[in-house]
Amino acid sequence: MSNMQNFKKSLLTTLLSVSVVASVATLSGCSKPTSVENQAGAVTTDYLNRDVRDDVFYFVMPDRFENGDTSNDMGSKTIEISSGGFDPTSNGHYHGGDLPGLINKLDYLKGMGITAIWLTPIMRNQAVQGDSSGYHGYWTLDFTEIDPHLGTNADLKNLIDTAHSKGIKIFFDIITNHTADVIKYEECHREATKQFSTSEQLCPYVSLADKAAGKGYTPYVNQDEKNLKTPAWLNDPKYYNNQGDSTWQGENSIYGDFMGLDDLNTKDPEVIQGFIDIYNNIIRKFKPDGFRIDTVKHVDMVFWQQFTPAIIDFANEQGIPNFFVFGEVYSEDARQLSRFTTDGKIPSVLDFHLQLAVKNVFGRGKATSELNDLFELDHLYNDEDSSADYLMNFVSNHDMGRFAYYMREAFPDASEQEQLARVKLANAFMFFARGIPVIYYGEEQGFVGEGGDKGARENMKPSKVEQYNRIDLLGTDKTTADDNFDQTHPLYIAFKEFADVYQAYPELRRGEQQVLSYGNEAGVFALSRTLDDEQSIVIFNSSTEAQSVSDIDLGGKKVVFGELNGDGNVKSIAGLSFVILK
Ligand SMILES: [Ca+2]
Ligand SMILES: [Ca+2]
Ligand SMILES: [Ca+2]
Ligand SMILES: [Ca+2]
């Protein structure tokens, strides 16, 4: 196998700008990519002019990645509300990772073919709320400066400059739905004691109708907390809904507080303009390449209709021609998701529907028709500024958990080899189906984690969290107690190979997709990608058994990745594998 890798490496090195196809697919017994065509349209280091459909994303939570500066582990030295919360033994506290650490690992990411990084929110947080901390970044107090646990504004500039010099884009995760929990209610929180809503301590939601009839809460802010938020307008309770805690049902999904987090009145024109100003200032100051927007479905549609076009126009004026925005709409139904790329004027959303279909088909052994059902709804995303080609494909994230966790739940007795094969298949589907691939950090090191949020936010640097360290990782004898930046991990190598072939063939990135084959049980799913005169066919086998591909018209195409067995028209694909033909 190492000979094959060396061969491929030297091929890539030699053919930097020459268009050559070296078909050595007939070499047997090796499922490594066997030819790579490097041609116009392949990945460029020109991050500014690169179409987002040519990017490979890496989604990282900086606190859990790499600690590049231990002097900032305790957060602010001058602002008490943003200091502390550091406990590397707890999965709900800061662990010391930061932007300088991420800068140190940019070559590790580039080596895997990553061209864009999406960071969890990095603005200054309330460090502690109740019994956990703002390590994840979603409790913002100050929308103008970096959280001191993660570094300084200068560190952020340095991260962006260094990433850009390597051709890597930086995307920020932004929040407009809520701030940290500072506002309290007279009727619900006792004065003078600092209380945060938890699952046992909810302030019942007051409906819009009841509010109109004069019922509701009396908001207050403790005397010493009246100026905690920046910019200053955010300190006035009049800009918030103040209707109590959400149970994520019906209207309270939009107007309720998330566990006490102060929910903004996002239909108020002043709030809309306030957030346009906040994020235009961020764009002016830091020049990020785009935004991922948090909690989109909990914000009024009228907000998105104005906010998103405004910030994209502004970024374009600032000299970022491909500034790109995608939203987190936490729904596994394309009918819900697509409302925000059409009515909501957001160019793209994270494809939670694809995530579910991939989990079911490659992680739970369900029928491949589920993938066809998914793509049958692609037309819903279409309008003048969006289409399914721009959706963000993912199989794991920081809120739901990792594909590998669900797969292991469904197949607890599967061999290590089978589990690795399923993770590779899920990620290959994420790369080669329509949409833009987003790798969740740690996937490339065989992380499995547990379901839900905290259980899937493991450390890449050595972890002291017992719940993480007891879980068996895939493809390695290490645990999360070790350093896990292993560039020889089989999944790191696999993703690098996926990225290489993805960049080599433009139709795999931007080609029109057509489904060629699917069935009512685990087995073959095939699709074609066509761009101008170029066409590739990708065939996946989600079954553990070899499957015939004789009913698929391969049009004389040759294997360029993976392998088919057999001769002439009688060809088959091995169990839990995939193949690309061109
Ligand atoms: Ca640190
Ligand atoms: Ca809301
Ligand atoms: Ca609150
Ligand atoms: Ca649209």
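These numbers come from a predicted model, not from an experiment. (Residues numbered from 1 in each chain as written. Chains lettered and ligands numbered in written order. Predicted model: local features only at pLDDT ≥ 70, side-chain atom pairs only at ≥ 80, totals over all residues. Heavy atoms only, no water.)

Chemist: Which residues make up the state of the cysteines, and what are the values?
Modeler: Taken as a whole, this structure holds one disulfide when the rule is applied. With a sulfur-sulfur separation of 2.0 Å, Cys188 is cross-linked through a disulfide to Cys203. The sign of the -95 degrees torsion about the S-S bond sets the Cys188-Cys203 disulfide as left-handed. With a gap of 15 residues between them, Cys188 in the loop between strand E8 (184-185) and helix H5 (208-212) and Cys203 in the loop between E8 and H5 connect regions that are remote in the sequence. With relative accessibility at 1%, the residue Cys203 sits in the buried group. (Disulfide = S-S within 2.5 Å. Helix = DSSP H or I, 4+ residues; strand = E, 2+ residues; numbered from the N terminus. Buried < 20%, exposed > 50% of the residue type's maximum accessible area, 1.4 Å probe, protein only.)

Chemist: Just give me the short version of the pairing of strand E1 (residues 57-60), but keep the residues and values in it.
Modeler: On E1, burial covers both faces: Phe57 and Phe59 on one face and Tyr58 and Val60 on the other are all buried. Bridge count for E1 against strand E14 (residues 436-440) is three bridges, and the pairing is parallel. From the neighbouring strand, Phe57 faces E14, where its bridge partner is Val438. Note: E1 against strand E2 (residues 116-119), four bridges, orientation parallel. For Phe57, the partnering residue across the bridge sits in E2 and is Ala116. (Pairing = 2+ DSSP bridges.)

Chemist: Got a sec to walk through the pairing of strand E22 (residues 577-581)? Specific residues and values, please.
Modeler: Where burial is concerned, most of E22 is hidden: five out of the five residues are buried. Side chains Ser577, Val579 and Leu581 project from E22 onto one buried face, and the interleaved Phe578 and Ile580 project onto a second face that is buried too. Pairing of strand E17 (residues 534-541) with E22, which is carried by five bridges, proceeds in the antiparallel orientation. Bridge pairing in E22 links Val538 to Ile580. Examined bridge by bridge, strand E19 (residues 559-561) and E22 share two bridges and lie antiparallel to one another. Note that in E22 the partner of Val559 across the bridge is Leu581.

Chemist: Just give me the short version of the coordination of the calcium ion (ligand 3), but keep the residues and values in it.
Modeler: Coordination of the calcium ion (ligand 3) by the protein involves Asp181 (OD), Ile183 (O), Gly260 (O) and Asp262 (OD), with metal-donor separations of 2.3 to 2.4 Å. Within one chain, the residues serving as donors to the calcium ion (ligand 3) are arranged as D-x1-I-x76-G-x1-D. Taken as a pair, Asp181 in the loop between strand E7 (169-174) and E8 and Gly260 in the loop between helix H6 (252-255) and helix H7 (269-286) lie far apart in primary sequence, 79 residues in all. Judged by relative accessible area, which is 6%, Gly260 ranks as buried. (Donors = N, O, S within 2.8 Å, 3.2 Å for Na, K, Ca; no water.)

Chemist: Just give me the short version of the sheet that holds strand E20 (residues 565-567), but keep the residues and values in it.
Modeler: Strand order in the open sheet formed by three strands is E18-E21-E20, with antiparallel pairing between adjacent strands. Single-partner strands in this sheet number two, and they are strand E18 (547-548) and E20. Here E20 runs beside strand E21 (residues 570-573); their pairing, made up of three bridges, is antiparallel. Residue pairing for E21: Asn565 is matched across the bridge by Ser572.

Chemist: Report on the coordination of the calcium ion (ligand 4), specifying residues and quantitative values.
Modeler: Here the calcium ion (ligand 4) is held by the protein donor atoms Thr341 (O), Asp383 (OD), Asp383 (OD), Asp385 (OD) and Ser386 (OG), which lie 2.0 to 2.7 Å from it. Spacing between the donor residues of the calcium ion (ligand 4) along their common chain follows T-x41-D-x1-D-S. Of this pair, Thr341 sits in helix H9 (residues 334-342) while Asp383 sits in the loop between helix H11 (369-376) and strand E13 (392-393), placing them 42 residues apart in sequence. The exposure class of Thr341 is buried, given its relative accessible area of 1%.

Chemist: Explain the sheet that holds E7 to me, using residue names and the numbers behind them.
Modeler: The strand order across the open sheet built from eight strands is E12-E11-E10-E7-E2-E1-E14-E13, with neighbouring strands paired in parallel fashion. Across the chains shown, the open sheet's two edge strands, defined by having one partner strand only, are strand E12 (348-349) and E13. Sheet topology places E7 next to strand E10 (residues 290-293); four bridges connect them, and they run parallel. Residue pairing across strands places Asp173 opposite Arg292, the latter belonging to E10. Strand contacts of helix H13 (residues 416-432): E13 and E14, with the helix running at about 145 degrees to E14, the strand carrying the most contacts. (Contact = heavy atoms within 4.5 Å. Axes fitted to C-alpha atoms, helices over the stretch in contact; angles between N-to-C directions.)

Chemist: Explain empty space enclosed by the protein to me, using residue names and the numbers behind them.
Modeler: Under the definition given, this model contains four cavities of 30 Å³ or more. Put simply, the largest cavity is a space of about 80 Å³. Contributing to the lining of the largest cavity are Pro121, Ile122, Met123, Gly137, Thr140, Phe143, Phe172, Asp173, Ile174, Ile175, Tyr279 and Ile282. Secondary-structure elements contributing two or more residues to the lining of the largest cavity are strand E6 (140-146), E7 and H7. Considering each element in turn, the lining of the largest cavity owes the most residues, three residues, to E7. Partitioning the lining of the largest cavity into residue classes produces nine nonpolar, two polar and one charged. If you trace the second largest cavity, you find it lined by Phe59, Trp118, Arg292, Leu350, Phe394, Ser396, Asn397, His398, Val438 and Tyr440. Partitioned by chemical class, the residues of the lining of the second largest cavity number six nonpolar, three polar and one charged. (1 Å grid on protein atoms, 1.4 Å probe; cavity = no way out; pocket = protein on both sides within 12 Å on 5 of 7 lines; lining within 4 Å. Points joined across faces, edges and corners; volume = space filled by probe spheres on them. Nonpolar A, V, L, I, M, F, W, Y, C, P; charged D, E, K, R; others polar.)

Chemist: Describe the packing of helix H10 (residues 352-364) against H13, and please don't skip the residues or the numbers.
Modeler: At a minimum axis distance of 10 Å, the contact between H10 and H13 shows a crossing angle of 145 degrees. The element H10 and its partner H13 pack so that their crossing is right-handed. For the pair formed by H10 and H13, the contact residues are Leu354, Val358 and Phe362 on the first element and Arg422, Leu425, Ala426 and Phe429 on the second. (Left-handed = near helix turned anticlockwise from the far one by under 90°.)

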